[in-house]
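What follows is each chain in one-letter form.
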Amino acid sequence: MNFFDNQNNPVTMPEGRVEGIAKVTGKGKYSAEYDVKDLCYGVLVGSTVPSGKIESINLENAKQVLGVVDIITHLNKETVPGLADEAKIKESRFGLPVFHTDKIFFKGQPIALVIAETLEDAVYAASLVEAKYKTDQFNVDFKKSHPEIPLKEEGKERGDLNNWNNASNIIEAEYTIKAEVHHPMEMHATTAEWISPDKLKLYDKTQGVNGVQKTFAKLFGIPEKNIEVISEFVGGGFGSGLRVWPHALAAVMAAKKVKRPVKLMLTRSQMFAGSGYRPASWQKVKLGADANGKFTGISHQAKNGTSKYENFSEGITRVTRLIYKFDNLKTEAAIVPLNLSTPTWMRGPGDCTGDFAIESAIDELSYKLNQDPLELRLKNLALEKNPETGLPWSTNFLDECLAKGAEMINWKERKSSPKQLVDGDWYTGYGMAVGMWNAGRANASAAIKMTKDGIITVQTAMTDIGTGTGTGMQNIASEITGIPKSNIKIELGNSNLPPAPSQGGSNGMSSVSGAVVEASKALKLKLAEYAALQNSTYKNVTADDILLSDKDIYLKSANSSFISFSEIWENNNLTEIIVDGSSGPGEERKKFSFCSSAAHFCKLKVNIKTGKVKIEKMVCVADGGKIVNDKAAANQMSGAAVGGIGMALMEEQTVDTKLGALIGDDLAGYHFPVNADAPIIQVGFIGKPDPNINPTGAKGLGEVGIIGTAPAIANAIFNAIGKRLRDLPITPDKILG
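The following refers to the structure shown. (Residues numbered from 1 in each chain as written. Predicted model: local features only at pLDDT ≥ 70, side-chain atom pairs only at ≥ 80, totals over all residues. Heavy atoms only, no water.)

Considering the arrangement of structural elements, one finds Asn 304 in strand 14 (residues 295-307). Residue classification places Asn 304 among the buried positions, given a relative accessible area of 3%. In this structure the C-alpha to C-alpha distance between Asn 304 and Gly 28, which are 276 residues apart in sequence, comes to 38 Å. Non-local contacts of Asn 304, meaning those with residues more than four positions away in its chain, are made with Phe 142, Pro 279, Ala 280, Ser 281, Phe 312, Ser 313, Glu 314, Ile 316, Ala 334, Ile 335 and Val 336. At a separation of 2.9 Å, a polar atom in the side chain of Asn 304 contacts the main-chain carbonyl oxygen of Phe 312. (Helix = DSSP H or I, 4+ residues; strand = E, 2+ residues; numbered from the N terminus. Buried < 20%, exposed > 50% of the residue type's maximum accessible area, 1.4 Å probe, protein only. Contact = heavy atoms within 4.5 Å. Polar contact = N/O pair within 3.5 Å; in protein donor to acceptor, adjacent residues only side chain to side chain.)

Put into structure tokens, the structure is as follows:
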């Protein structure tokens, strides 16, 4: 492993990310950048129809291209034991059984894979593949289709909706959000190499190497230990890397068929249909309150699009059950099958979507009640216990997030009615919203390898998708051991390292931090064992009694003897010391509920002549427990908030309902925020450790930075111009219309 191999030079390593030098010098390799001997290249051919059946595929012209090695279709595919028949395909839960069916479910579905000596040959040959189809009727129109899909109860109903139908103040409205696409900077790619008939090596863009390992072990019926998955550097994921996509399986099948390594990278256009998206959604909220602003009940209905071949529910109503005290609550949901590819989790999945409707409705209610929307939320927050489970929150400082955020945005300058702050054609408005996410924790392991020079390497299989996991691990190891950060290296993103969960759902640092703590303690105790052979005062000590430096071990007690690492190595004839540690959830999950939360505040201007929205200031304050890595945590929050700006104002994947095709499937046609669209996001943290969640007290931050952003912006627009907009994105035409 060469991951971060230059980070231990205190002269060249700046304070910041441990992988920073590797990234800016180009030394860090992403999944499509590895040099593999005898490599060939794969390019996918997509269906040109949205629904039907393949009648024939003409490969003759493509095979004439010099350099073509082979072309895979459903007619000559490599055998995959886990997809051998319909029953096994269903059992595999893989999704799209690429090359294992002649059915077409969406336009762009892979129907062939051209393998050639060069990428140029593969691209050209792929353009020559021709297919004939027996077409069927198709449907890609979510807006037209969802009214026909009946709702089903989702979650446990509380109280009785009839108890508040006559509440003195009721808001009832519908909300819609267009589909959004992840679009990380690095496109999805897989390089597959069969080392032997039952040993596979993969360089894959993924947020979880162990998940990929398990998937292919099951599909091909080989031991997990025989599959090595490497994903050292990941250029963003936002949820798109949390599952194995058909192109990865196609690369593995191709490598097995041609008996050579195969690299397959999606094009930017193929990313639109090949690696998931946040599905289009519809919601209806009915919210009631008494004259004092106490919530009396809520009804939340939601529907989202899915594919014809796989059911995907975003869990839109989940957030409704977490934040506020609703004695009467009913949630219902449904999915709408369409001739589109399968959607997937996208940053803040479900909760981000649902929060837009809930927080917009609460803002609307505040105007009806003539109450400050901040105060209305404060009087209804469920701060003591999880209203869904009844368990007490281990920690929940959302009220402090609100107070701090209001001060940072200067909330007192907000006007209680719209159209009060006017400068020519520009109208200024303030808006706010809150978000919450269940703070999870999974089982994780880590190892530490120490050499004679005092350098330690902390290892785990978890990936770092740009969230700063490696730097957080370094900070924790330094804090627990006492070894300076300049002497701590990090290795991660390889399935051969100690297993860890995927980096997603705000679980990454919460999970792996405990494992790093345990491994750090194990290192101190192992060194104390060797030290005790020289000095009996080191016998029967605890990890907390021990301190390490860059060159020796000593005890916290007075008159402690210092024993150098070099002595320990020489006296015990050692070459290196390796220890490991594991950590995971336990009985605390039965005693407490855990959450991360955030408050979002926005000040913006709306031009009533052009419909342009200019965000002047955005504040995001989070309760994420102990902040392990300040810079990375702030980057997480500000980056997530910028994603929320895109959700609110510009991101939408449009579909041609007559042709069944995506419109604008490139970065020219799909708009997302750039620097000019966002101010410097002002981020704040409560910073209070959660004493029960894990040994470090750190909770997740990845999701809550985006969850409340879009409703805060929509609410600010209403405060500016007095127009309630319930359809995202809020583009200039909607403002002017």
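Before going further, it helps to spend a moment on a nonpolar patch on the surface. Residues Leu 667, Phe 672 and Val 674 make up a contiguous nonpolar surface patch of roughly 230 Å² in combined accessible area. Summarising the element assignment, Val 674 is placed in the loop between strand 28 (661-663) and strand 29 (682-685). Of the residues examined, Val 674 reaches a relative accessible area of 45% and is grouped as partly exposed. (Patch = residues over 30% accessible without salt bridge, like charges linked within 9 Å, V, L, I, M, F, W, Y side chains within 5 Å. Areas by Shrake-Rupley, 256 points an atom, 1.4 Å probe, with all protein chains shown as cover. Salt bridge = Lys/Arg side-chain N within 4 Å of Asp/Glu carboxyl O.)

The next thing to look at is the sheet that holds strand 15 (residues 329-338). Sheet strands pair by backbone hydrogen bonding; their relative direction is either parallel or antiparallel. Taken together, the six strands give an open sheet; going across it, the order is 7-15-14-13-8-30, and neighbouring strands pair in mixed fashion. Either end of the sheet is taken by a strand with one partner, and the two such strands are strand 7 (152-153) and strand 30 (727-728). Summarising the sheet, strand 8 (residues 169-177) and strand 13 (residues 281-289) pair through nine bridges and their orientation is antiparallel. The partner of Ala 173 across the bridge, within strand 13, is Val 285. Together, strand 8, strand 13, strand 14 and strand 30 form the strand contacts of helix 9 (residues 351-369), whose direction differs from that of strand 8 by roughly 145°. (Pairing = 2+ DSSP bridges. Axes fitted to C-alpha atoms, helices over the stretch in contact; angles between N-to-C directions.)

Following the sequence through the fold, Lys 631 ends up in helix 16 (residues 630-649). Owing to a relative accessible area of 52%, Lys 631 belongs among the exposed residues under this scheme. Between the C-alpha atom of Lys 631 and that of Gly 468, which follows or precedes it by 163 residues, the distance is 8.7 Å.

Our next topic: helix 14 (residues 565-572). Phe 565, Ile 568 and Trp 569 are the residues of helix 14 that are buried. The buried residues of helix 14 occupy an angular sector of 95° when the element is viewed end-on, so they sit on one face. For helix 14, the exposed residues lying more than 90 degrees away from the buried face are Glu 570 and Asn 571. Those residues of helix 14 hidden inside the fold are in contact with strand 18 (444-451), helix 13 (508-532), strand 21 (546-548), strand 22 (552-555), strand 23 (563-564) and strand 24 (576-583). Phi turns positive one or two residues past the end of helix 14, at Asn 573, with a value near 55°. (Arc of directions from axis to C-beta.)

Across three bridges, strand 21 lies against strand 22 in antiparallel orientation. Across the sheet, Leu 548 pairs through a bridge with Ile 553, a residue of strand 22. Once strand 21 ends, the chain turns through three residues before running back antiparallel as strand 22.

On to the packing of aromatic side chains. With the rule as written, the count across this model stands at 17 aromatic pairs. Between Phe 105 and Tyr 309, the ring centres sit 5.2 Å apart and the planes meet at 50°, which makes this aromatic pair tilted. With Phe 105 in the loop between strand 4 (103-104) and strand 5 (110-116) and Tyr 309 in the loop between strand 14 and strand 15, the pair connects residues that are 204 residues apart, well separated along the chain. What makes Phe 105 buried here is its relative accessible area of 17%. Note on Tyr 309: relative accessible area 19%, which makes it buried. Geometrically, the ring pair formed by Phe 272 and Tyr 670 is edge-to-face, given 5.9 Å between the ring centres and 80° between the ring planes. (Phe/Tyr/Trp six-rings, centres within 6.5 Å; stacked < 30°, edge-to-face > 60°.)

The N-to-C vectors of helix 9 and helix 18 (residues 709-721) enclose an angle of 30°; their axes lie 8 Å apart at closest approach. The angle between helix 9 and helix 18 places the two elements in the roughly parallel class. Between helix 9 and helix 18 lies a crossing of right-handed hand. Residues Asp 355, Phe 356, Glu 359, Ser 360, Asp 363 and Tyr 367 of helix 9 touch helix 18, and the partners they reach there are Ala 710, Pro 711, Ala 714, Asn 715, Phe 718 and Asn 719. (Parallel < 35°, antiparallel > 145°, perpendicular 65-115°, else oblique. Left-handed = near helix turned anticlockwise from the far one by under 90°.)

Pairing is mixed across the open sheet formed by seven strands, whose spatial order is 3-5-1-12-9-10-11. One side of each edge strand has no neighbouring strand; the edge strands of this open sheet are strand 3 (68-72) and strand 11 (227-230). This sheet shows a mean twist of 20° between the axes of neighbouring strands, independent of strand direction.

Once that is clear, we can look at the environment of Leu 374. With respect to the helices, strands and loops of the structure, Leu 374 is situated in helix 10 (residues 373-378). Put simply, Leu 374 and Gly 42 are 332 residues apart on the chain and 54 Å apart in space, counted from C-alpha to C-alpha. If we skip the residues at most four places from it in the chain, Leu 374 touches Leu 402, Ala 406, Trp 411, Met 432 and Phe 601.

All right, on to the pairing of strand 11 then. Here strand 11 shows a buried face lined by Ile 227 and Val 229 and a second buried face lined by Glu 228 and Ile 230. One crossover worth recording links strand 10 (residues 199-204) to the parallel strand 11 by way of helix 6 (residues 209-220), and it is right-handed. (Right-handed = clockwise from strand over helix to strand, strands pointing away.)

Three or four residues apart is the spacing at which side chains of an α-helix point the same way, because the helix has 3.6 residues per turn. With 12 residues, helix 6 extends 17 Å between its outermost C-alpha atoms, agreeing within 8% with the 16 Å of an ideal straight helix rising 1.5 Å per residue. Along helix 6, the residues classified as buried are Val 209, Asn 210, Val 212, Gln 213, Phe 216, Ala 217, Leu 219 and Phe 220. Looking at the residues trailing helix 6, positive phi occurs at Gly 221, about 65°. (Expected span 1.5 Å × (residues − 1).)

Among the nonpolar cores identified, the biggest contains 85 residues, and Phe 601, Leu 604, Leu 649, Ile 713 and Ile 717 are the most heavily contacted of them. Every residue in contact with Phe 601, bar those within four places of it in the chain, is listed here: Leu 374, Cys 401, Leu 402, Gly 405, Ala 406, Ile 409, Trp 411, Gly 431, Met 432, Lys 617, Met 618 and Val 619. Met 450, Ile 490, Ala 532 and Ile 553 belong to the second-largest nonpolar core, a separate cluster that totals 43 residues. (Core = buried A, V, L, I, M, F, W, Y, C linked by side-chain atoms within 4.5 Å.)

Looking now at the side chain of Thr 428. For Thr 428, the location among the structural elements is in strand 17 (residues 426-438). The class for Thr 428 is buried, based on a relative accessible area of 12%. Setting aside residues no more than four positions away along its own chain, Thr 428 makes contact with Leu 421, Lys 603, Leu 604, Lys 605, Asn 719 and Ala 720.

Residue Leu 728 is joined to Pro 729 through a cis peptide bond whose omega torsion reads 5°. Relative to the elements of secondary structure, Pro 729 occurs in the loop between strand 30 and helix 19 (732-736). For Arg 93, which is not glycine, the phi torsion reads 55° and is therefore positive. The class for Arg 93 is exposed, based on a relative accessible area of 71%. Despite not being glycine, Asn 370 has its phi angle at roughly 60°, a positive value. Structurally, Asn 370 can be placed in the loop between helix 9 and helix 10. Classification of Asn 370 as exposed rests on a relative accessible area of 64%.

Before going further, it helps to examine the pattern of salt bridges. Pairing between side chains of opposite charge can happen when the charged atoms of each approach one another. Applying the stated criterion across every chain, the model contains 32 salt bridges. Note that Lys 688 is salt-bridged to Glu 400, the shortest N-O span being 2.9 Å. Taken as a pair, Lys 688 in the loop between strand 29 and helix 17 (704-707) and Glu 400 in helix 11 (residues 398-409) lie far apart in primary sequence, 288 residues in all.

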